[in-house]
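Examination of the molecular architecture
Chain by chain, the residues:
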Amino acid sequence: MTGIFSRTRDTEPLLAIRDLDVRYAIRRGVFGATEELRAVTGVSFELRAGETLGIVGESGSGKSTMVRAILRLIRPSAGRVSWLGQSLAELPPSQLRALRREMQIVFQDPLASLDPRMTILDSVSEPLAIFRPELSGAERTREVRAMLERVGLSGEIVNRYPHQFSGGQCQRIAIARSLILKPSLLICDEPVSALDVSIQAQIVNLLMRLQREMNLSMLFISHNLAVVRHVSQRVLVLYLGRVMELAPREELYTRPRHPYTRALLESIPTPDPARERARQQASLGGEVPSPLTPPTGCVFRTRCVWTQPRCSNQVPPLESVSVNHQVACVRWREIAP
Amino acid sequence: MAPLLSICDLEVRFATAEGEVLAVDGVDLDVAAGECLGLVGESGSGKSQLFLAILQLLARNGRASGSARFDGVDLLACTRQELNRVRGKRIGIVFQDPLTSLTPHMRIGEQIAEVLIAHRGATRRSARMRALELLERVQMSDAPRRVRQYPHELSGGQRQRAMIAIALACEPGLLIADEPTTALDVTIQAQLLELFRQLKRESQMSMVLITHDLGVIAGLADRVAVMYAGRIVEEAEASDLFRSPCHPYSESLLRATPHLDAPLTTDLVAIPGQPPRPTSRITGCAFLDRCSAGVEICARVTPELRSGRSGQRVVACHNPIGKSQRS
């Protein structure tokens, strides 16, 4: 690979997102007026080669929409997504297509992301058939077997079907398919949420090992903050489509600055009866407001215990706590624990 | 005092195209009055089928045998009519997915009132008033408006509160909640767990919380039973089980659960392998393939539940943690 896809320019982040907006037009009823749903608003971040950025947020936070917009599976309404400095929107279709092999995604439900009527060989080799048509059938099979072994499965399973495997094994197969083209970026959208605890750890360990071996960059989306803590170097916290906080892992988990991040961390139940029984009140009341009518100013203010009248006046800008740590709260200095 | 619910030698079998599945394999389990029991297991462990069986809610290809005495009456021997005097009245049930458990075309208030009219012979007017009280009891925000809303107009957390209100309508002696917070976001889960803790403090009701997440029951359960492949493998006081599990599976499960204080230097502790396929016939211990403490006898003899280190604990393992012969 040469030109814009090569990794010669080391100073350039692999992926740079600037002011990304995704809006959906929603129509209520046949003759109803169209309303605008702002799924993602003004999100910016960078991802360096070999880095894992964890993305956390509850349902409706826009995390899945955001990565789909990055992959251009949906069209962003505004903002810029660049790959090694080159804006994806400006790429001619042929180059965008070629770039797709560099960006792959693993979804939550492994059984749903594999075609039940296709053998494991057909599923895993499909990307090769599209992007490397020069390979012979035998070469393709050899590549597939090697990749299956790499994700901890036997190469002998190529002629079997997805239903013959457990959820954890299907997720390994889905990972094999996403990595068969040796991409630079792997997006994991809740990759372990559908799996049992005993299997979850296997898949997390596998993803971390593959990342090291293949020098992958990862966007790791999860609602499970303990898993994100384990895999990520930096963590992005989203709420109602906006960035609340972006920080290196250690800082985010030991000194969270945003009231929402703090509440999220406090909400996680721990397998420790003494600590759980000492809990008083749930740390966050209420529910996430509708994205059709988000609060003015800070979108989190309706659930925030620190809210003040000024929070409703303006959207809090991302302020720097330290070099790599940013928080979108006007009161972060006063409320520090 | 006799337990409120006493399950004895319960077996649940399903006839499937791939052969017979033994989903629950000879379970004995008691729930005392006022007690909160946590039942923990992964998918396929049989934890949900166990309680669906005693409520006679199994899928059509399912068969249950054994007994389940609730306040002296064997639920498995009940006719449908007899059972309807217990289900929803003396035993309240909350499922994981409130959207499929609620009736889509009925207002929330009516669904609660219906239970009171059917089981208690309440008048429509008094049932409506009580419905509002119940929604307030489960801390539904804006309750007077919610009674007139339909399930699709509520959020996941609000729907689960509505389910709990229905389950509590007849002041049941036992509340069974199957993964009640699994489908919810973590901040909403925290709110509902707080609600369960409050219900536990304020009423004499017994509770069974079925979950795959040990964190969820840590603050609620007095006693915990761990299931694997259709059997209970360990049962202990919650504080004992979390502090020092005896069964290698309980221990592995605790260690595999990622938590915020875990060291970051190493891999997560995974349990190797897969749970056995439900159609497979197992001789010996079902966990042996995945166990690091297996001894020769494990492959031949299925371990029975026996008293463990303390009198309050039972464990089904030939080589439990803390025994001297452990290698």
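Scroll up a little and you will see the structure.
What counts, and at which threshold
Note that residues are indexed from 1 along each chain, following the sequence as it is written. Ligands are numbered from 1 and chains lettered from A, in the order in which they are written. Since the coordinates come from a predicted model, pLDDT governs what is reported: local features require at least 70, and pairs of side-chain atoms require 80 or more to be given and counted, while whole-chain, interface and lining totals use all residues. Contact definition: two residues whose C-beta atoms, as placed from backbone geometry, lie within 7 Å. By definition, any uninterrupted DSSP run of H or I lasting at least four residues is a helix, any uninterrupted run of E lasting at least two residues is a strand, and each is numbered from the N terminus. Charged means Asp, Glu, Lys or Arg here, nonpolar means Ala, Val, Leu, Ile, Met, Phe, Trp, Tyr, Cys or Pro, and polar covers whatever is left, Gly included. In this analysis an axis means a line fitted to C-alpha atoms, helices contributing only their contacting stretch, and an angle means the value between N-to-C directions, from 0 to 180 degrees. An angle counts as roughly parallel when it lies under 35 degrees, as roughly antiparallel when it exceeds 145, as roughly perpendicular when it falls between 65 and 115, and as oblique in every other case. Crossing handedness is defined as follows: a turn of the near helix away from the far one that is anticlockwise and smaller than a right angle gives a left-handed crossing, while the clockwise case is right-handed. Strand pairing is assigned whenever DSSP identifies at least 2 bridges connecting the two strands. A residue is called partly exposed when the number of other C-beta atoms within 10 Å of its own lies between 12 and 20, exposed at 12 or fewer, and buried at 20 or more, with C-beta atoms placed from the backbone.

With that settled, the discussion passes to the interface of chain B and chain A. Each side of the interface is counted separately: chain B has 38 residues, and chain A has 36 residues. For the side of chain B that touches chain A, the elements supplying multiple residues, two or more each, are α8 (186–202), α9 (214–218), α10 (238–243) and α11 (248–256) of chain B. The element that contributes the greatest number of residues to the side of chain B that touches chain A is α8 of chain B, accounting for eight residues. Here the residues of the side of chain B that touches chain A sort into 19 nonpolar, 15 polar and four charged.

What follows concerns the packing of helix α4 (residues 108–120) of chain B against helix α7 (residues 156–168) of chain B. Residues and elements named next belong to chain B. Where α4 meets α7, the closest approach of the two axes is 8 Å, and the angle between their N-to-C directions is 20°. One element, α4, and the other, α7, form an angle in the roughly parallel class. The two elements α4 and α7 meet at a crossing, and its hand is right-handed. From α4, I108, Q111, I112 and V115 reach across to α7, where they touch A162, A165 and I166. Here the residues of the contact of α4 with α7 are counted per class, giving six nonpolar, one polar and no charged.

All names here are of chain B. Strand order across the open sheet formed by eight strands is β6-β7-β8-β3-β9-β10-β12-β11, with mixed pairing between neighbours. A strand with exactly one partner marks an edge of an open sheet, and here the two such strands are β6 (91–94) and β11 (306–307). Sheet topology note: the β11/strand β12 (residues 314–315) ladder contains two bridges and is antiparallel. In the sheet register, S307 faces β12, and the bridge partner there is V314. Packing against the sheet, helix α1 (residues 47–54) makes contact with β3 (36–40), β7 (174–178), β8 (206–211) and β9 (223–228), and its axis sits at approximately 140° to β8. Along the sheet, α7 contacts β6 and β7; its crossing angle with β6, the most-contacted strand, is approximately 170°.

Residue and element names in this part refer to chain B. The residue Q56 is not glycine, and still its phi comes out positive at about 55°. Counting through the fold element by element, Q56 comes out in the loop between α1 and β4 (62–70). C-beta crowding within 10 Å serves as the criterion here: with 17 such atoms nearby, Q56 is assigned to the partly exposed category. Look at A229: it is not a glycine, yet its phi comes out positive at around 50°. Looking at where A229 falls in the secondary structure, it is placed in the loop between β9 and β10 (231–237). A tally of 23 C-beta atoms within 10 Å means that A229 is categorised as buried.

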